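Summary of structural features
As a plain string of letters, each chain reads:
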Amino acid sequence: MTEHRTRSWRRLLAATTAALTASAGALIATQAPAAAFVPKTPPLSTPWTSQVSTSNPLPEYPRPQLTRPDWQNLNGIWQFAGAANINNPPVNTTLGEEVLVPYPIESALSGIMRHEDYMYYRRTFTVPAGWAGRNVQLNFGAVDWQSKVWVNGTLLGTHEGGYDKFSYDITGALRAGSNEVIVGVWDPTNNQDIPVGKQRTNRGGIWYTPSSGIWQTVWLEPTTPQRITRLDTTPNVAAGGLDLIVQGTQAGASVTAQVLDGSTVVGTATGTVGSSFRIPVPNARLWTPDNPFLYNLRVTMAGGDVVGGYFGMRSLGKAMLGGVLRPTLNGKFVYQLGTLDQGFWPDGIYTAPTDAALRFDLEQQKALGFNMVRKHIKVENDRWFYWADRLGLMVWQDMPALASGREPSTAGRQRFEKELKEMVDEHKGITSIVQWVPFNEGWGEYDAGRIADLVKSWDPTRLVNHNSGSNCCDSDPDPGNGDVIDDHMYVGPGITRAPTATRIAVNGEYGGLGLRVPGHEWPTSGKFAYEWLPDSTALTSRYVQITSKLIDLVNGNGLSGSVYTEPTDVEEELNGFYTYDRQIQKMDFARVRAVNQSVLGAANGTTLSTNKLASLRVTTPGYTNRYLRHRDGAARTDAISTTSATTDRQDATFWVRPGLANSACYSFESRNFPGRYLRHRDYRVYSEAGTGGTFNADATFCARPGLSGGGTSLEASNMAGYYLRHRNEEVWMDQNTGGSFTDDATWAVSAPLWRSGADLAVGQKRSFRVTTPGYDTRYLRHYDGLARTDVITTASSATDRADATFTVRTGFADTSCYSFESVNFPGQYLRHAGYRLQKASNDNTTTFLQDATFCAQPALNGGGGNVSLESFNYPGYYWRHYAEAVYIATNGGGNTWDSSASYAADATWNNAAPLG
């Protein structure tokens, strides 16, 4: 290496290091004094609003994946004017306003704070003398939507696309001394068929303020005449190396690539521009959310261009683990627990006020216990992705949607697919991206199956989710391809479809819990949330309650990922953990993190929901229809389904209890023989009642990550290394004997085969008396079709007594639950609609059959002869009387009838003799 090359590399390494931490110390372009410029006051200010520099905003090196040591930042004050079109550039003309680049013109930070369809930006710059003899590139991070660029009156080109980078070699247009650059922009937002995400000129509700014009960094850099333009990095863990395609202006030129751990070279290889070659990465340190290690990369092209970059070594895929198709990271199932990150700011709209602000949002999500972020129908700047890579947050990357509510035109489809390919191509080297999402809830959707296949052909290394929320809204019929089944459910969480042999199942949006914080809200009317809570404590409790349901969905329904709406409030939407200004934490973050950690624990097999019913399903291939059950006292496995006999289903259903000998572990109590537990005796497993001695220890099992890579393995608390294992239909405690042991000793803790934890007599007439003290003379009855409670006795009228009497029937939607038929209106049943319990005729629709099915559970408030009735399709919601009316209600939910006051008593009913 020559001394010149050594000095160049030292400068490059310094620039790369700075780019990966803060700022590369770029030269700042000068122009006319900016004394006249004053940013406007935003509706809400963030902690970083006052830190925005008017002379050098966003000074950090903007492209961490392709670094060079020399560059000049053109962010700052430009001249600005609205226009009728962008066909007549104002060359050598002073414009009437000033704008702070790179903040979109609708933002307060820009100083404009209004929308324009057409606009011009103008400024001057001087090329540093030290760049003499080199080519000069003019780079744009993003301009929304169509732009034309002139330097010294020379049109360099026209670019379309609001979310991708573009550059011009301006060497031939430059002159000595001062140079003029003019950028003309046309941004029709949603008035044309272009990808816009959530931007709307008629904003409000879930649609937000547009972000027009220049909204990412503009900058100059000197290069060699032939240069590297992109590094497409693909970690190949199985092959022990990095697969690299160097994109450049000279196809076939020789390149040398080096992988560095810090500053130490660990692998070197040579190749050519445009062709894939592999650099060895021996004994690679793998990137994970818990250990997001990044390697440095140095690439030299013949002719002198040298660039830096970085990457993480990790593998992505999907595999059948524990009998369920799961997404994998480095060959292991890692549940993807994320938030719906919209990427909006009250001061900068699409553009974070500072790099520290950009990092803050991701740091807070990581601190809350999330390991993934869904970047929702927006593409962020390169530094956002760098922080996701460095902090260890997996990313689902959405494509910004075409406008919803209309069929996209031919031109719109062409634009969408062009920008979709740009998004994929420009981000192939981002370690944290694990999934591409072309469509959301059907907004602007067309040819979804073809589009999913197209994205997969461009990038076969990542999962493709053809349409997040394909169960709702504007969605076309599911084409059945791609890698993901993605349901949205508000408030949820939940999924309506199970994973298949080819597609994982995720809940792409749930939550949306709202809390108003006066003084920290966007100053418009029409505030929105999916459910309102009265204060921070109630909001946190509700978050903990609904997110805890993920544990059962992971174990029982094969859920592999979930996305909570959302990290911060956004304009009218008040669903955030933070207010929109990032000033107020709306929840107790310690409690949020704790429940999030419990979900991740459930996914890795170490956390089970206690005091709930569950069944243990075999995961050994070829035997996954078998369940652990007790019969004649001994545990065994049998093929059992929801159509099997009652005894079989109940024998295979257990209460999961805190461990009798260790509360950090678990014990399994028989559903149909209370007081009997699974225990090992002479290595065989039985269902037995307590016998003293070692019984409690023998009946305690500690949950471990599934030995086969998914599900849960259950290790004896008093025999280290011995696991609950089926063999020859029997169940034993065994050490690893090889063969199929890891599969045999891995169980799917699934939804209970028998969902009711208490019994009612099918065919009998029953009445249900209130148990709340002071109201226990009241009974549930129907009146004018609605359920309510009234004081009824044997002396009451025959109508009142009949209205309060129901025949217990086998549940319509599940035979382990119950439906309740009116005795005086045969064929009409209690069902919920809009949370209100009411009487209605059976129309045999799926909705009715589910709404009219309730699972009997042990009384929430205890007491002999008492029972609580849980909704089949709204788990955690019980019959509850409130102000004489009867609802399905959840403790601490967002409705008035969900009040925690006396909830357990109000949701407990005496299973009484029939009144009529």
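Residues numbered from 1 in each chain as written. Predicted model: local features only at pLDDT ≥ 70, side-chain atom pairs only at ≥ 80, totals over all residues. Heavy atoms only, no water.

1. Section: helix H7 (residues 589–603)
Under the 1.5 Å per step criterion, the end-to-end length of H7 is 21 Å for 15 residues, consistent within 8% with the ideal 21 Å. Three or more residues of H7 are buried, namely Phe 589, Val 592, Val 595, Asn 596, Ser 598, Val 599, Leu 600, Gly 601, Ala 602 and Ala 603. Each element contacted by the buried residues of H7 is listed here: strand E23 (332–333), strand E24 (336–341), helix H2 (355–367) and helix H6 (536–557). (Helix = DSSP H or I, 4+ residues; strand = E, 2+ residues; numbered from the N terminus. Expected span 1.5 Å × (residues − 1). Buried < 20%, exposed > 50% of the residue type's maximum accessible area, 1.4 Å probe, protein only. Contact = heavy atoms within 4.5 Å.)

2. Quick notes on the packing of helix H4 (residues 410–426) against helix H5 (residues 448–458)
Contact geometry for H4 and H5: axes closest at 10 Å, N-to-C directions at 35°. Note that H4 runs across H5; the crossing there is right-handed. Contacts between H4 and H5 involve Glu 417, Leu 420, Lys 421 and Val 424 on the former and, on the latter, Arg 450, Ile 451, Leu 454, Val 455 and Trp 458. The class makeup of the residues in the contact of H4 with H5 is six nonpolar, no polar and three charged. (Axes fitted to C-alpha atoms, helices over the stretch in contact; angles between N-to-C directions. Left-handed = near helix turned anticlockwise from the far one by under 90°. Nonpolar A, V, L, I, M, F, W, Y, C, P; charged D, E, K, R; others polar.)

3. So, empty space enclosed by the protein
Over the atoms a probe the size of a water molecule is rolled, and this reveals where empty space is left. Taken as a whole and judged by the stated rule, the model has five cavities of 30 Å³ or more. In this structure, the largest cavity occupies an estimated 100 Å³ of space. What lines the largest cavity is a set of 16 residues, and nearest its centre among them are Arg 326, Val 554, Asn 555, Gly 711 and Ala 748. Elements that contribute at least two residues to the lining of the largest cavity include exactly strand E22 (324–329), H6, H7 and strand E47 (747–750). (1 Å grid on protein atoms, 1.4 Å probe; cavity = no way out; pocket = protein on both sides within 12 Å on 5 of 7 lines; lining within 4 Å. Points joined across faces, edges and corners; volume = space filled by probe spheres on them.)

4. Describing the layout of surface pockets
Estimated volume of the second largest pocket: approximately 930 Å³. Around the second largest pocket sit 50 residues that line it, and Arg 63, Lys 165, Phe 166, Asp 382 and Glu 426 are the ones nearest its centre. Elements represented by at least two residues in the lining of the second largest pocket include exactly strand E6 (135–140), strand E10 (166–169), strand E13 (218–223), strand E14 (228–236), H2, helix H3 (382–391) and H4. Ranked by residue count, the leading element in the lining of the second largest pocket is E14, at five residues. Its residues assigned to classes, the lining of the second largest pocket comprises 17 nonpolar, 14 polar and 19 charged.

5. A look at the nonpolar core
Residues Tyr 335, Tyr 543 and Phe 577 are the most contacted members of the largest nonpolar core, which totals 96 residues. Counting residues per element, this core draws most heavily on H6, at nine residues. Counting residues in hydrophobic clusters, the runner-up holds 27 residues, among them Trp 78, Tyr 121, Phe 140 and Ile 170. (Core = buried A, V, L, I, M, F, W, Y, C linked by side-chain atoms within 4.5 Å.)

6. Re the sheet that holds strand E17 (residues 264–272)
Here we have four strands laid out as an open sheet, ordered E17-E16-E19-E20, and antiparallel in their pairing. Bordering the open sheet on either side are E17 and strand E20 (306–311), each of which pairs with just one other strand. With direction set aside, neighbouring strand axes in the sheet form an average angle of 20°. Strand direction decides the pairing type here: strand E19 (residues 295–301) and E20, joined by six bridges, are antiparallel. Opposite Asn 296, over in E20, you have Tyr 310 as the bridge partner. (Pairing = 2+ DSSP bridges.)

7. Points about the pairing of strand E50 (residues 786–791)
The pairing of strand E49 (residues 778–783) with E50 spans six bridges and is classified as antiparallel. Bridging across to E50, Arg 778 finds its partner in Val 791. Adjacent in sequence and paired antiparallel, E49 and E50 are bridged by two residues, among which Asp 784 carries a positive phi angle near 55°.

8. A short note on the pattern of salt bridges
Applying the stated rule across the entire model yields 67 salt bridges. Residue Lys 165 pairs with Glu 426 through a salt bridge whose shortest N-O separation is 3.5 Å. Of this pair, Lys 165 sits in the loop between strand E9 (154–160) and E10 while Glu 426 sits in helix H4, placing them 261 residues apart in sequence. When its relative accessible area of 14% is taken as the criterion, Glu 426 is described as buried. (Salt bridge = Lys/Arg side-chain N within 4 Å of Asp/Glu carboxyl O.)

All we've got here are geometric facts, nothing functional implied.
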